Amino acid sequence: MGLFGSKKGNAGSLSSFRYSPGYCDMTGEYHQCELKKNDAGEWVFICRDRDVHSDPFAVKTYAVSPESAAEFEAHIKKVNFISLEKRLKRTEFVTDYSPWHFTVVFDCSEIGGSSYDDYGISQYRIYSPMDQKLMKEVKEKFYALKGELISETTEDD
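The rules we used
Residues numbered from 1 in each chain as written. Predicted model: local features only at pLDDT ≥ 70, side-chain atom pairs only at ≥ 80, totals over all residues. Heavy atoms only, no water. Pairing = 2+ DSSP bridges. Helix = DSSP H or I, 4+ residues; strand = E, 2+ residues; numbered from the N terminus. Axes fitted to C-alpha atoms, helices over the stretch in contact; angles between N-to-C directions. Phe/Tyr/Trp six-rings, centres within 6.5 Å; stacked < 30°, edge-to-face > 60°. Buried < 20%, exposed > 50% of the residue type's maximum accessible area, 1.4 Å probe, protein only.

Peer 1: How should I be thinking about the sheet that holds strand β8 (residues 116–122) in this particular structure?
Peer 2: Backbone-to-backbone hydrogen bonds join strands into a sheet, with any given pair of strands oriented parallel or antiparallel. Strand order in the open sheet formed by seven strands is β8-β7-β1-β3-β4-β5-β9, with antiparallel pairing between adjacent strands. Looking along the sheet, the strands with just one partner apiece sit at the ends: β8 and β9 (149–155). When the angles between neighbouring strand axes are averaged without regard to direction, this sheet yields 15°. Taken together, the seven bridges between strand β1 (residues 13–20) and strand β7 (residues 101–107) define a ladder with antiparallel strand orientation.

Peer 1: Looking at this structure, how should I read the packing of aromatic side chains?
Peer 2: Ring pairs (aromatic) are described by centroid distance and by the angle formed between their planes. Counted according to the given criterion, the structure contains 16 aromatic pairs. Both rings, one in phenylalanine 17 and one in phenylalanine 81, keep their centres 5.9 Å apart while their planes meet at 40°; by these two values the pair is tilted. Of the two residues, phenylalanine 17 is situated in strand β1 and phenylalanine 81 in the loop between α1 (66–78) and β6 (97–98); the sequence distance between them amounts to 64 residues. On the basis of relative accessibility, which here comes to 0%, the residue phenylalanine 81 falls in the buried class. An angle of 40° between the planes, with centres 4.7 Å apart, marks the rings of tyrosine 19 and phenylalanine 102 as tilted. With tyrosine 19 in strand β1 and phenylalanine 102 in strand β7, the pair connects residues that are 83 residues apart, well separated along the chain. We note that tyrosine 19, like phenylalanine 102, is buried. Through pairs of rings, three or more aromatic residues link up here, namely Phe17, Tyr19, Phe45, Tyr62, Phe72, Phe81, Trp100, Phe102, Tyr127, Phe142 and Tyr143.

Right under this line is the structure:
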């Protein structure tokens, strides 16, 4: 894996960054936040939540400044956050539970790579105390990206 983790050895630009906390999904609970660009090419922070299958998703979209998104991208590259994907897998597994996870996607098409390289960092791996500290720091910086509330809607599954 190359610098900043591109699977082709080059660093692409950040396409999206998602985080979902661990939760019991037996009744259809779902929680996820994502940093990505909207159709107009502007960075947004989208949170999708629901408590039970019969409920629609509550979707809140927040503005993100281009500068904040650029700083966040530079930070996750600097600390090589996606290297956490390579940690050893745990043998434990819990049913009716969605583990916490991060998904980081880079667009590598502009540098001759595959269209997108995606990386998953999830609960069922073995992380050192330093890894855990890094994940906490990145998660805090991620949530701090939320700017002004742009919209609040619901959507069916």
